[in-house]
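One letter stands for each residue in the lines below.
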Protein chains: 2
Amino acid sequence: MATLGDIGVSALINILGAFAFLLAFALLRIQPINDRVYFPKWYITGGRTSPRNSRNFVGKFVNLNLWTYLTFLNWMPQALKMSETELINHAGLDSAVFLRIYTLGLKIFVPITIVALLVLIPINASGGTLFFLRKDLVVSNIDKLSISNVHPKSIRFFVHIGLEYLFTFWTCFLLYKEYGRVASMRLNFLASQRRRAAQFTVLVRNVPHVSGRSISDSVDNFFKTNHPDHYLCHQAVYNFNKFAKLVRKRERIQNWLDYNQLKFERHPDKRPTKKTGFLGLCGEKVDAIEFYKKQINDLDRRLTMERQRILKDPKSIMPAAFVSFNSRWGAAVCAQTQQSKNPTLWLTNWAPEPRDVYWKNLAIPFVSLSVRKLVISLSVFALVFFYMIPIAFVQSLANLEGLEKVAPFLRPVIEMKFVKSFLQGFLPGLALKIFLYILPTVLMIMSKIEGHMALSELERRASAKYYYFMLVNVFLGSIVTGTAFEQLHAFLHQAPTQIPRTIGVSIPMKATFFITYIMVDGWAGIASEILRLKPLVIFHLKNMLLVKTERDRVKAMNPGSVDFPETLPSLQLYFLLGIVYAVVTPILLPFILVFFALAYLVYRHQVINVYNQRYESAAAFWPHVHSRIIASLLISQLLLLGLLSTKKAANSTPLLVALPILTLSFHKYCKNRFEPAFRKYPLEEAMAKDIEDRNSEPDVNLKAYLTDAYLHPIFHSFEEVELTEVRVDKNQTQIPSTSVNRPHNHGPSPSASELSSPSPPHHAYNYENQPPHTLIHQYEFDQQNYPVNHYEVEQQQQPYDVFHYGADSSSNGYRY
Amino acid sequence: MATLGDIGVSALINILGAFAFLLAFALLRIQPINDRVYFPKWYITGGRTSPRNSRNFVGKFVNLNLWTYLTFLNWMPQALKMSETELINHAGLDSAVFLRIYTLGLKIFVPITIVALLVLIPINASGGTLFFLRKDLVVSNIDKLSISNVHPKSIRFFVHIGLEYLFTFWTCFLLYKEYGRVASMRLNFLASQRRRAAQFTVLVRNVPHVSGRSISDSVDNFFKTNHPDHYLCHQAVYNFNKFAKLVRKRERIQNWLDYNQLKFERHPDKRPTKKTGFLGLCGEKVDAIEFYKKQINDLDRRLTMERQRILKDPKSIMPAAFVSFNSRWGAAVCAQTQQSKNPTLWLTNWAPEPRDVYWKNLAIPFVSLSVRKLVISLSVFALVFFYMIPIAFVQSLANLEGLEKVAPFLRPVIEMKFVKSFLQGFLPGLALKIFLYILPTVLMIMSKIEGHMALSELERRASAKYYYFMLVNVFLGSIVTGTAFEQLHAFLHQAPTQIPRTIGVSIPMKATFFITYIMVDGWAGIASEILRLKPLVIFHLKNMLLVKTERDRVKAMNPGSVDFPETLPSLQLYFLLGIVYAVVTPILLPFILVFFALAYLVYRHQVINVYNQRYESAAAFWPHVHSRIIASLLISQLLLLGLLSTKKAANSTPLLVALPILTLSFHKYCKNRFEPAFRKYPLEEAMAKDIEDRNSEPDVNLKAYLTDAYLHPIFHSFEEVELTEVRVDKNQTQIPSTSVNRPHNHGPSPSASELSSPSPPHHAYNYENQPPHTLIHQYEFDQQNYPVNHYEVEQQQQPYDVFHYGADSSSNGYRY
């Protein structure tokens, strides 16, 4: 076991490591060549169009200003400068509230740390049970400062119990205030937004098939009957998975074409060639540029055909639709009420904002959804508790004797020295590493299979699954040795009152482990987050191989976003550690504090300068954060109960039993009090906004504004003529004259002037602040992951030549 | 342990007992003097005004027709004659669906019984483990037919597992069909009803206090703003608990007055007197009639004052209101949506129908509701698990030595022989009996404290609590010996996998006990239900002492209603027993079948001839019935799992583990599929009914119809002039001319003609079938538990003399 000195050394190493990362970051970020890696947000919002300090040729790549090297830590105060209101305008409410989790952590743990250190350390240290044990073998100095050091049956345990009460009340008080604050921030944010399509639109699923009637007709008919005063129009949802696959393929080939063209430009003497066979390794040698050009033409033809098939085949219309209303009130009513006698038909929900929609899951029928949920819950359970089984299987391969026995023909290969050492030394660890690396992806795929309809919800679900995994395998798994499966087995065969005792008794001993964990995973992890090593390398590679125009360079920039599915669970784990160890081993708390403070600085910098959220859910994740912290409180209370019962302080248990009950009822109260703000849209708000709108803009054409808001991303790539045809096809009430509003057909419109400006059009991103009639246009530009025509910028002289399908949609973002 | 022969004897005794009850019933029911006890429903619906066979004087009291004595069992076929549609019209949907629970029981258990007896009995009987044990000591013949008789590790257990699967699927199949059927019956019932106030009305609670503004103003303002196209009017809720107490007191004195007046009429030579002191035992002797008349005058004056205080004091208006809309659609929307930013204010719910409202709970604020729920859940938990503690305390009084030690001065009393034998022999049992007798009342009071707002919901909650009590104390308590508290202690200190094993292993041994239980509690209980001994005695007592007029006789009739809080839980216990024992000891099943068949017949008779439901909830209790049967399935699966694991058939457990998961997901599916029909009112339905109404009666004055629908029962006793004043007071938008619609001001209206008809006005009960403008009038008559003026019938020449407060409200029904 580690002594205080060992911890000190470890802390020093980790602090040095984190410091090295920060130093590297400080040096790299001031190089103009890396400007698009470390400040992409400013390019996107239009605050910056080229690196600063670009006075001469060398200055374009390397920073020659010595002064900036000396002030290399000045990003920290810079990160703190922006006020919260500015932050919300700059990066959205999701990011601002995400940062509030860290300040909440600081608010909770700073007073707890002070009180715990001042009160508990003297009480624990003077207890002295452990002094008679051999110091260097069993007990570390850390343990002497922990609750283990107190005599059994000691009256001092009442101090611990009192502090547990105090800390619980303090945490609940802050949680209550914070929940109220976030809820009102959310409502204010929603209220302060200008007109948004999502406010008027409801997603309807499970539209019943009526023979002899199209889905569109059914929808139209149903809502005209049942919402006669409020229904405006609807947009059908098409099944276009095959089309999307073709678009992705075309995009890949376009990249190869770009690469070869660039190569040819740089070495005009030698035309690039390519072999047509397997992986370009064998087969006939052909001219690469011609080859790819031909392939692209081929794909274009297939895309046209596929598109026409989708439009003509009634089966490609899925039984779902985005239904728009003429007021927020009408939409709020429709989203919150049951429509049909059969509650599995005509399911209505708030529509997620357009960029948040996960199109592929819109058509899952009700029965299938139930089955999927069941299957996925079972799989998550299996994954959490039995994930070691496949890994142990892979690891058993490293048992070379066994392997040779099973497959004797492999003996010559295995006996080779290189192979043998590789298998024995590398493989076992590799399997686990690979598993942990792909775990978030696996969880995300599971969430997708579960059938959620918004990206934000998918991320929340994946995050919940990851949290369960961490709770069982990192927290419990570290405390109780043995795999999760063994724990499960043990728990099932133990009395329920025995479980907290088993875990509780080993908690103090694991404090040193968790301190190391916080330093390695927390401190160093956060420091490496700010360095952005992977995006840095990829950006420069892309820059070298693919970038031809300024627009390509914009594309090569990958700002990323807050990675909720991974960040939230690990954050919640730190809350759990802090709350559990607050009364047990308070010496752990300062390490948590350092983590929260450092992470707050780093993420504030990243949110301001780097990240570009893919969607805005208006802090919809807060209820999850809240309930996980409540769960942490409950876990800590149960474990303390178990720990104290092994300390024979059994008389005190009735005191502690009351605490979980109080905490649970606090949670229930908060749920009733605040959660509706995150699930429903109060009619009072909707009506107030409606009236405000009606007074300020009485003659706005809402129908024109809403008609295309939820147009399937695929249609954004169609020709104007066809688009009108599509609209008529999907909604017969559509007046064709609305296409007049499409800005890029007409010269003097705000967005056309935007197009001709030298800045990349990405600052149309926060489209809530734009006049409503530019929305459709923005859609074709603001999303890297939408199939839009990137030639438009260079080819403004031919505005009708928009017949290209999503050639620049980047690989990361297809939502189907 | 009982042998098959013992069971047979016991069965015979119980059959004879039940038969005696039935015989007594058959004889009593054909006596004309008992006609109002056994056929009150027909009097209420107006189908009968006087007993049949009333040809001569004697025939009025005793049945002289010998033929009817020979066909004394003919109530059974009569009870089966009425079709379900007629039944719904006659007794309401609640009763019809209540009877369906019994047919569901028959449908589930008839095939199960046949299969189980044919398949399992041979398999179990030929097993023969138990033959080597001493027959008469440990093992009964019943056990030889049960699963206990099968060898451990036998392959035969797969038959049991297979049958458990089969029975589960069969039960789920029937449950699914029945749920769908009941849901559609409910929607049809709601759709087939004529205009009802509840369809247009929403109950709003937690109206915020705004200083300088009355609650009525706030409500009016809020709904005019947020539901401008649909809001019609609202009715305030007054706090009149004190008034109600006075009304109850007046009613009690009125009874004494009636009694004394009757006494004087019968013996005109002697005026009845009364002593004014304690309990009428001491004090001055006064003339009783004068005394009570004076008291009533006194009370009338106090009532007038109290009423005026309520009307003038703004504090007597509670922060709740019944808000009415001009369409069902508007009300459905308001009931299902969130109104305010703060989700604890402006809570909206469907209004229960007027006679279902529990007025007293309307004003409970949100925070208090949460606290009440927590406190009551803890109390129920304590009641279920620790109820033996106070009883054991009372029982310990029977330990006379202990009592004498504690209170030596009691020695002379205790040593008296009579007191001693009473204390020792009677008291211990008495304490338990009294507890069990008052338990339903206690549970109902708990539910009232919990703050539910409708009588129907109160009954459902009380029923749920009673079910938990029965499950723990009757089912588990009989299987595992020891008090519930000891069980709880044992379970907390056992591994979770050990619990089903502990219970499972004792299940087969308890079969004989439960067979006896079914016969005593089920068969004899049901047979005594039909005899109506208590109402019979009370009716004749009232008839003798209080009845002066025909109307008094109507009042003395107490039809009662289906006692959901007691009947549903015991019914669910029988389902549990049947399902648990189906594979374990199938010989128990025929006894259950007899119970279901007999109970079906009896309750069908009672529903047709006796019961008069106090409210109509449109089968709102069905989801509870469904989920309790599902819970029974789960319990049976877990117990079988435990039982088999003690039989070392551990290899089969994976097979059985799948079953609870499947059952649970079936339950979840059903919940999603059907439950909304019981909680929400689909907009499609509301709109269809609205359109239908608009077409059939385009010019109905809805506002006049709705204004008084939820008028507090107290106002029904006011003078007309004051009533108008009240209405203006509570709702300034009210046009005073609506009082023109009140029928009993005006001669030629349908209800006025009803009044002059000789039949009691109670057949206005199913008021959904009445023309809408008679509703208010019906309200003053159809509820025994409303304070209405019973003089009106006799005093038709003075229709304005309605200044009497609820003199005839019976004691059972005050809802405040």
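Residues numbered from 1 in each chain as written. Chains lettered and ligands numbered in written order. Predicted model: local features only at pLDDT ≥ 70, side-chain atom pairs only at ≥ 80, totals over all residues. Heavy atoms only, no water.

## Considerations on the overall build of chain A
Part 1 of the reasoning: In terms of regular secondary structure, chain A is built from 37 helices and six strands.
Part 2 of the reasoning: In chain A, which comprises 816 residues, the proportion classed as buried is 56%.
Part 3 of the reasoning: Once local pairs closer than 6 in sequence are excluded, the contacts in chain A between residues at least 24 apart make up 79%.
Part 4 of the reasoning: Surface exposure of chain A reaches about 34,900 Å², of which carbon and sulfur atoms provide 64%. (Helix = DSSP H or I, 4+ residues; strand = E, 2+ residues; numbered from the N terminus. Buried < 20%, exposed > 50% of the residue type's maximum accessible area, 1.4 Å probe, protein only. Contact = heavy atoms within 4.5 Å. Areas by Shrake-Rupley, 256 points an atom, 1.4 Å probe, with all protein chains shown as cover.)

## Focus on the sheet that holds strand β2 (residues 231–238) of chain A
All names here are of chain A.
Part 1 of the reasoning: Taking strand neighbours across the sheet as the criterion, the four strands line up as β2-β5-β1-β6 in an open arrangement whose pairing is antiparallel. For this open sheet the edge positions go to β2 and β6 (347–350), each flanked by a neighbour on one side alone. Here the strands of the sheet are splayed against their neighbours by 30° on average, with no regard to which way each runs.
Part 2 of the reasoning: Here β2 pairs with strand β5 (residues 317–325) via seven bridges, running antiparallel. What sits directly across from Y231, in β5, is F325.
Part 3 of the reasoning: Set on the sheet, helix α15 (residues 328–336) makes contact with β1 (201–205), β5 and β6; between it and β6 the angle comes to about 130°. (Pairing = 2+ DSSP bridges. Axes fitted to C-alpha atoms, helices over the stretch in contact; angles between N-to-C directions.)

## A short note on a nonpolar patch on the surface
Part 1 of the reasoning: A grouping of V110(A), I114(A), L118(A) and V119(A) is seen on the molecular surface, where their side chains present a nonpolar patch of about 330 Å² in accessible area.
Part 2 of the reasoning: The residue V119(A) is located in helix α7 (residues 93–125) in this model. (Patch = residues over 30% accessible without salt bridge, like charges linked within 9 Å, V, L, I, M, F, W, Y side chains within 5 Å. Salt bridge = Lys/Arg side-chain N within 4 Å of Asp/Glu carboxyl O.)

## Examining the pattern of salt bridges
Part 1 of the reasoning: Using the criterion set out here, one finds 36 salt bridges over all chains in the structure.
Part 2 of the reasoning: Note that R461(A) is salt-bridged to E457(A), the shortest N-O span being 3.3 Å. Of the two residues, R461(A) and E457(A) both sit in helix α22 (residues 455–479), four residues apart, roughly one turn of that helix.
Part 3 of the reasoning: The exposure class of E457(A) is partly exposed, given its relative accessible area of 24%.
Part 4 of the reasoning: We note a salt bridge from E178(B) to R100(B), for which the minimum N-O separation is 2.6 Å. Of this pair, E178(B) sits in helix α9 (residues 157–192) while R100(B) sits in helix α7 (residues 93–125), and the two are 78 residues apart along the sequence. An identical accessibility class is assigned to E178(B) and R100(B); each is buried.

## A word on the packing of aromatic side chains
Residue and element names in this part refer to chain B.
Part 1 of the reasoning: Tallying each qualifying case throughout the model produces 72 aromatic pairs over all chains.
Part 2 of the reasoning: Relative to Y292, the ring of W256 has its centre 6.4 Å away and its plane inclined at 10°; by these criteria the two rings are stacked. On the criterion of sequence distance, the pair formed by W256 in helix α12 (residues 241–266) and Y292 in helix α13 (residues 288–312) is long-range, its members being 36 residues apart.
Part 3 of the reasoning: On the basis of relative accessibility, which here comes to 45%, the residue W256 falls in the partly exposed class.
Part 4 of the reasoning: Looking at Y292, the relative accessible area reads 6%, which means it is buried.
Part 5 of the reasoning: Ring geometry for F564 versus F621: centroids 4.9 Å apart, planes at 35°, classification tilted. (Phe/Tyr/Trp six-rings, centres within 6.5 Å; stacked < 30°, edge-to-face > 60°.)

## Some points on the interface of chain B and chain A
Part 1 of the reasoning: Contacts between chain B and chain A engage 45 residues on the former and 45 residues on the latter.
Part 2 of the reasoning: Summed over both sides, the interface of chain B with chain A buries roughly 3,900 Å², with 64% coming from carbon and sulfur.
Part 3 of the reasoning: Together, Q338(B), K341(B) and E684(B) form the three largest contributors to the area buried by chain B at its contact with chain A, with a combined 15%.
Part 4 of the reasoning: On inspection of chain B and its partner chain A, the count reaches two salt bridges.
Part 5 of the reasoning: Taking the shortest distance from any N to any O, the salt bridge between E685(B) and K341(A) comes out at 3.4 Å.
Part 6 of the reasoning: Where chain B packs against chain A, one counts 16 residue pairs in polar contact (both at pLDDT 80 or more).
Part 7 of the reasoning: For the side of chain B that touches chain A, the elements supplying multiple residues, two or more each, are α11 (215–226), α14 (328–336), α15 (366–386), α22 (484–492), α30 (653–674) and α32 (683–696) of chain B.
Part 8 of the reasoning: It is α30(B) that provides the largest number of residues to the side of chain B that touches chain A, a total of six residues. (Buried area = accessible area lost by both parts, 1.4 Å probe. Polar contact = N/O pair within 3.5 Å; in protein donor to acceptor, adjacent residues only side chain to side chain.)

## Things to note about a positive patch on the surface
Part 1 of the reasoning: Where like charges cluster on the molecular surface, the positive patch consists of K263(A), K270(A), K275(A) and K285(A).
Part 2 of the reasoning: Position of K285(A) among the secondary structure elements: in strand β4 (residues 285–287). (Lys, Arg positive; Asp, Glu negative; His and termini not counted. Charge placed at Lys NZ, Arg CZ, Asp CG, Glu CD.)

## Considerations on the relation of the copies chain B and chain A
Part 1 of the reasoning: Laying chain B over chain A is done by rotating through 180° and shifting 0.0 Å along the axis; what remains is an RMSD of 0.1 Å. Considering both components of the superposition, the chain copies are consistent with a two-fold axis.
Part 2 of the reasoning: Taken together, the interface assignments show that 100% of the residues at the interface of chain B recur at the interface of chain A, consistent with an identical surface on both copies. (Least-squares fit on C-alpha atoms with pLDDT ≥ 70 in both.)

## What about the confidence of the model for chain A?
All names here are of chain A.
Part 1 of the reasoning: Of all residues in chain A, 75% attain a pLDDT of 70 or more, and the chain-wide mean is 75.
Part 2 of the reasoning: This model gives residues 132–139 a pLDDT under 50, and the stretch forms seven contacts once residues within four places in sequence are excluded.
Part 3 of the reasoning: Here residues 719–816 is modelled with pLDDT under 50, and outside its nearest four sequence neighbours on either side it reaches 212 contacts, counting other chains as well.
Part 4 of the reasoning: Reported confidence for the predicted complex is 0.73 by ipTM and 0.76 by pTM. (pLDDT = per-residue confidence, 0-100.)

## As for the packing of α15(B) against helix α21 (residues 455–479) of chain B
When two helices pack together, their arrangement is given by the angle between their axes and by how far apart the axes lie.
Residues and elements named next belong to chain B.
Part 1 of the reasoning: Direction vectors running N to C along α15 and α21 enclose 30°, while the axes themselves pass 9 Å from each other. In terms of orientation, α15 lies roughly parallel with respect to α21. In the packing of α15 onto α21, the handedness of the crossing is right-handed. In this structure, α15 uses I376, V380, L383, V384 and F385 to contact α21, whose residues at the interface are K465, Y468, F469, V472 and N473.
Part 2 of the reasoning: Across the contact of α15 with α21, the residue classes break down as eight nonpolar, one polar and one charged. (Parallel < 35°, antiparallel > 145°, perpendicular 65-115°, else oblique. Left-handed = near helix turned anticlockwise from the far one by under 90°. Nonpolar A, V, L, I, M, F, W, Y, C, P; charged D, E, K, R; others polar.)

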